[in-house]
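A closer look at the structure
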Amino acid sequence: MLFRSRTDAQAPLVLTGQLGDVMQESVRAAFSYVRGRAADFGVTPIFFETHGVHVHVPAGAQPKDGPSAGITMTTAIASALSGRAVRSDVAMTGEVTLRGKVLAIGGVKQKALAAHRAGMKVLILPAENRKDLPDIPPDIRKALRIVWVEEVDEVLRLALRATPKGS
């Protein structure tokens, strides 16, 4: 993620790389949510008048066919703006609304298995997906701390470190 100075003619958000239509919508919703809550992240509203945000997803990213990256993109943008690092032991999936509600996703079992394979300790999932818990093998449920969330603020409290990088 890159911040750049911009003129009025330049877009406040630039998306490049391997972003399909669904992923672009996730990033745009995440950006709008964070921009609307800028003061909560220590960012003055004028920042968005003078700077743009460039999100690039390089080739090799996992292709996806459904919405599930919203809370991850929101966390990444909030981290970059606030200077607060994202915990390295947390995996997450869920879509986000413009008002910060976390929406259900598909493929919970596969995403839990992937988080476990990657060595994650915490998996953040939408509360609406609680019905999918039996699909996750018992050994994976024991190995992961699964946290059910309804709002993006819950995600950010769990995923972002308390102090800015370098503090």
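Figured I'd write up the structure that's included with this text. Since the structure is predicted, the reported quantities are computational estimates derived from the model, not experimental observations. (Residues numbered from 1 in each chain as written. Predicted model: local features only at pLDDT ≥ 70, side-chain atom pairs only at ≥ 80, totals over all residues. Heavy atoms only, no water.)

Taken in spatial order, the 3 strands make up an open sheet running β5-β8-β9, and their pairing is parallel. Edge positions in the sheet fall to β5 (90-92) and β9 (145-149), since each of these pairs with one other strand and no more. The average angle at which neighbouring strand axes cross in this sheet is 25°, direction not considered. Against the sheet, helix α6 (residues 152-159) makes contact with β5, β8 (122-126) and β9, and its axis sits at roughly 150° relative to β9, the strand it touches most. (Pairing = 2+ DSSP bridges. Helix = DSSP H or I, 4+ residues; strand = E, 2+ residues; numbered from the N terminus. Axes fitted to C-alpha atoms, helices over the stretch in contact; angles between N-to-C directions. Contact = heavy atoms within 4.5 Å.)

For Ile-140, the location among the structural elements is in helix α5 (residues 138-143). What makes Ile-140 buried here is its relative accessible area of 5%. Linking Ile-140 and Arg-117, residues 23 residues apart in sequence, is a C-alpha distance of 9.6 Å. If near-sequence neighbours (up to four positions away) are discounted, Ile-140 is found in contact with Ala-112, Leu-113 and His-116. (Buried < 20%, exposed > 50% of the residue type's maximum accessible area, 1.4 Å probe, protein only.)

Let us now look at the packing of helix α3 (residues 70-82) against α6. Two numbers describe how α3 lies on α6: the axes approach to 10 Å, and their chain directions differ by 55°. Considered as vectors, α3 and α6 are oriented oblique to each other. In the crossing of α3 with α6, the sense of the turn from one axis to the other is right-handed. From α3, Ile-71, Thr-74, Thr-75 and Ala-78 reach across to α6, where they touch Val-152, Val-155, Leu-156 and Ala-159. For the contact of α3 with α6, a count of residues per class yields 6 nonpolar, 2 polar and no charged. (Parallel < 35°, antiparallel > 145°, perpendicular 65-115°, else oblique. Left-handed = near helix turned anticlockwise from the far one by under 90°. Nonpolar A, V, L, I, M, F, W, Y, C, P; charged D, E, K, R; others polar.)

With respect to burial, β9 is a largely interior element, 4 of its 5 residues being buried. In this structure, β8 lies alongside β9, joined through 5 bridges in parallel fashion. What sits directly across from Leu-123, in β9, is Ile-146. You can see the chain leave β8, run along α5 and come back into β9, and the turn it takes is right-handed. (Right-handed = clockwise from strand over helix to strand, strands pointing away.)

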